[in-house]
Amino acid sequence: MSTPTSAPLAPDDAPPIERWRMLLFAVTAGAMVANLYYLQPLLAAVAAAFGREVTDAGYLVTFTQAGYGIGVLLIVPIGDVLDRRRLLSIMMAANAAALLAAAASPTFAMFCASSLLIGITACATMMVIPYVASIAPARTRGKSIAQAMTGLLLGILLARTVSGLIAQAAGWRVVFVSAAAAVAVLAVLLRRAMKTDPPRGRLRYRQLIASLAAVVRAHPELGRRALYGMLALASFSMLWTGLTFLLSAPPFGYSEAQIGLFGLVGALGAVSANAAGRLADRGHARLATTALAIVLLASWGLLALGAHSLAAVIGGVFLLDVGVQGLQVTHQSVIYSIAPEARSRVTAVFITSCFAGASLGSALASALYAAYGWAGLCVAGGLFPALLLAVFLAFTPRARKA
């Protein structure tokens, strides 16, 4: 196999990405990743439709997130060799088909399988962001990544609001039909907006996947940032899976639409993404990481009061999303500057680690809530940012670009 090389980077004096293209990339990233989260406010409704306990349905989130991690690990690295425009078209078409299969599922088992496939094919999100990083000039790369990540993060958070409102009005199956239609439209628009990549080496898949370990060994900061991302996403997923259990039960007893509206609270935290991107561009990634990890830890202290306080839930959700969103942008601003020749493989390592954490968090949320209630879930949720902060501070003196 000839050595894979990334598409040529934009020269430093190149103009920034056009606004309309940047908007399309951000919307695509948001719409694709939203497919992982439409289910969260619908857990009670889906469980009832298939005759299951709501905590059993919580494991569907784990299926979707695990599928996403598998897709990022096994498919996204191909973007370092094959034309990303063609690859995205294929993945988005497959994602639309998986969403339609979920909408038509007659059994819980088929819905589980469809959820796994939705997650695997939604990894197209992580082909868009490396593409943005490769076509943005260096002086605005952090800003461009932050804009794409803002779209992605808004997709994560607004997915819950959109799915809750649609499910309340037309049923949960219509949520997945609507998502499939959106993906199909974006696939057509994106194919028109992207340029074809030049040839970058001949693909031998086994060697390409094996090279992931070499990339991590060559760039220790990538391994560290992957660990930090895993811990933050585990905390994030614990909240958003467990929140449905809390809000659908007494004393709240909220409907799908009402639970989905909490995504708007988290969406306000997306403002932190652009601020984090600007800090990273100015060389302050270390400061941003420390401050945002502290914010994430503090959010769980507030959330612990939320069993009987709506204000505490709202405040905790906001702080948690500020922390997680800002951390994700900071991490990606760092990792995309250390190995431009292997950007898709860097993405695969980082995002696989993140969604291993997300899968763990959603599984723990179901198990801990069933065994120990909201208080037990909050204690475990706070342990993840505490560990993140401890590990980061331990490595800071030895990591100049941390």
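Rules used throughout
Residues numbered from 1 in each chain as written. Predicted model: local features only at pLDDT ≥ 70, side-chain atom pairs only at ≥ 80, totals over all residues. Heavy atoms only, no water. Helix = DSSP H or I, 4+ residues; strand = E, 2+ residues; numbered from the N terminus. Rg over C-alpha atoms; globule rule 2.2 N^0.38 Å. Buried < 20%, exposed > 50% of the residue type's maximum accessible area, 1.4 Å probe, protein only. Contact = heavy atoms within 4.5 Å. Disulfide = S-S within 2.5 Å. Expected span 1.5 Å × (residues − 1). Arc of directions from axis to C-beta. pLDDT = per-residue confidence, 0-100. Salt bridge = Lys/Arg side-chain N within 4 Å of Asp/Glu carboxyl O. Axes fitted to C-alpha atoms, helices over the stretch in contact; angles between N-to-C directions. Parallel < 35°, antiparallel > 145°, perpendicular 65-115°, else oblique. Left-handed = near helix turned anticlockwise from the far one by under 90°. Phe/Tyr/Trp six-rings, centres within 6.5 Å; stacked < 30°, edge-to-face > 60°.

### A few points about the overall build of the protein chain
- From N to C terminus, the protein chain includes 16 helices and 0 strands.
- For the protein chain, the C-alpha radius of gyration of 20 Å lies close to 21 Å, the compact-globule estimate for 402 residues.
- The dimensions of the protein chain, computed from C-alpha atoms along their principal axes, are 60 × 50 × 40 Å.
- Burial status across the protein chain gives 60% buried among its 402 residues.
- For the protein chain, restricting intrachain contacts to residue pairs at least 6 apart in sequence, the fraction spanning at least 24 positions comes to 85%.

### Some details on the state of the cysteines
- Counted according to the given criterion, the structure contains 0 disulfides.
- C354 supplies the cysteine sulfur nearest to C123, a cysteine that is in no disulfide, at a spacing of 14 Å.
- Judged by relative accessible area, which is 0%, C123 ranks as buried.

### A look at helix α8 (residues 172-193)
- If you check α8, its first and last C-alpha atoms are 32 Å apart, about what 22 residues at 1.5 Å a residue would give, namely 32 Å.
- Of all the positions in α8, only W172, V175, F176, A179, A180, V183, L186, A187, L190 and A193 are classed as buried. Buried residues of α8, viewed axially, fall in a sector of 150 degrees; they line one side. Among the exposed residues of α8, those pointing more than 90 degrees away from its buried face are V185 and R192.
- Here the buried face of α8 lies against α1 (19-34), α2 (43-49), α4 (84-103), α5 (108-121), α6 (125-135) and α7 (141-170).

### Some thoughts on the confidence of the model for the protein chain
- Averaged over all residues, the pLDDT of the protein chain is 85; the fraction at 70 or higher stands at 90%.
- Within the protein chain, the element-level pLDDT minimum falls on helix α13 (residues 271-281), averaging 66, and the maximum on α8, averaging 95.
- Across residues 1-6, where pLDDT falls below 50, the model places 19 contacts with residues more than four positions away in sequence or in other chains.

### Brief notes about the side chain of T64
- Its place among the elements puts T64 in helix α3 (residues 54-74).
- Under the relative-accessibility criterion, T64 is labelled buried at 4%.
- In this structure, T64 is in contact with N35, L36, S115, I118 and G119, ignoring residues within four places of it in sequence.

### Let's talk about helix α15 (residues 310-335)
- Given a rise of 1.5 Å per residue, 26 residues ought to cover 38 Å, and the 38 Å separating the end C-alpha atoms of α15 matches this to within 8%.
- Taken across its 26 residues, α15 has 20 buried, putting it largely inside the fold.

### Regarding the pattern of salt bridges
- Applying the stated criterion to the full structure yields 3 salt bridges.
- Between E221 and R225 there is a salt bridge, with its nearest N and O atoms 2.9 Å apart. Residue E221 and its partner R225 are both found in helix α10 (residues 220-248); the two are separated by 4 residues, about one turn of the helix. Accessibility assignment for this pair places E221 and R225 in one class, buried.

### What about the packing of α6 against helix α16 (residues 343-395)?
- Orientation of α6 relative to α16, taken along the N-to-C sense of each, is 135 degrees, at an axis distance of 10 Å. Considering the angle they form, α6 stands oblique to α16. Along this stretch, α6 crosses α16, giving a crossing that reads as right-handed. On α16, the residues touching M126, P130, A133 and S134 of α6 are R343, T347 and I351.

### Side note on the environment of A48
- Counting through the fold element by element, A48 comes out in helix α2.
- When the C-alpha atoms of A48 and I166 are compared, they prove to be 17 Å apart, with 118 residues separating the residues in sequence.

### Thoughts on the packing of aromatic side chains
- For the structure on display, the rule yields 14 aromatic pairs.
- Seen in terms of ring centroids, Y68 and F355 are 4.2 Å apart; in terms of plane orientation they differ by 55 degrees. Their pairing is tilted. One end of the pair, Y68, is in helix α3; the other, F355, is in helix α16, and 287 residues separate them in sequence.
- Ring centres of F111 and W172 lie 5.4 Å apart, and the angle between their planes is 85 degrees; this geometry places the pair in the edge-to-face category.

### Some details on the side chain of S359
- Structurally, the position occupied by S359 is in helix α16.
- We classify S359 as buried; its relative accessible area is 11%.

### Here we look at unusual backbone geometry
- The omega torsion of the bond from P250 to P251 falls at 5 degrees, within 30 degrees of zero and hence cis.
- Relative to the elements of secondary structure, P251 occurs in the loop between α10 and α11 (256-260).

### Observations concerning the environment of V334
- Within the element layout of this structure, V334 appears in helix α15.
- You can call V334 buried: its relative accessible area is 8%.
- It is 22 Å that separates the C-alpha atoms of V334 and Y68, two residues lying 266 residues apart in sequence.

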